[in-house]
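Reading the structure
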Amino acid sequence: MDHDDNDEPVTGTYPDEPRLALLTLSEARATVEHLQLLRKLDPGGRGPAAGQLATDLARRLPAP
């Protein structure tokens, strides 16, 4: 692998305004609902993993 011979540190600037969330709360809740549906529709395939992901995501969301 080639490496640059430049020893200067990597620097950057960041905006002061708040960043937007990757998903809105309603989008996150809809995602959890879809994952739970996948769990029910595919119990022998990806369903268990989808159910676990739905559970993990739901724990991070504020109560309705």
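Residues numbered from 1 in each chain as written. Predicted model: local features only at pLDDT ≥ 70, side-chain atom pairs only at ≥ 80, totals over all residues. Heavy atoms only, no water.

Some remarks on the pattern of salt bridges
Across all of its chains, the model carries one salt bridge by this definition. Measuring nitrogen to oxygen at the nearest pair gives 3.4 Å for the salt bridge that ties R59 to D56. Taken together, the residues R59 and D56, both in helix α2 (residues 47–60) and three residues apart, mark about one turn of the helix. Taking the relative accessible area as the measure of exposure, R59 reaches 64% and is therefore exposed. (Salt bridge = Lys/Arg side-chain N within 4 Å of Asp/Glu carboxyl O. Helix = DSSP H or I, 4+ residues; strand = E, 2+ residues; numbered from the N terminus. Buried < 20%, exposed > 50% of the residue type's maximum accessible area, 1.4 Å probe, protein only.)

Let's talk about the environment of S26
With respect to the helices and strands, the residue S26 is situated in helix α1 (residues 25–41). Here S26 falls in the exposed class, since its relative accessible area comes to 54%. With 13 residues separating them in the primary sequence, S26 and R39 have C-alpha atoms 20 Å apart. Within the structure, S26 has its side chain in polar contact with the side chain of T24 (distance 3.3 Å). (Polar contact = N/O pair within 3.5 Å; in protein donor to acceptor, adjacent residues only side chain to side chain.)

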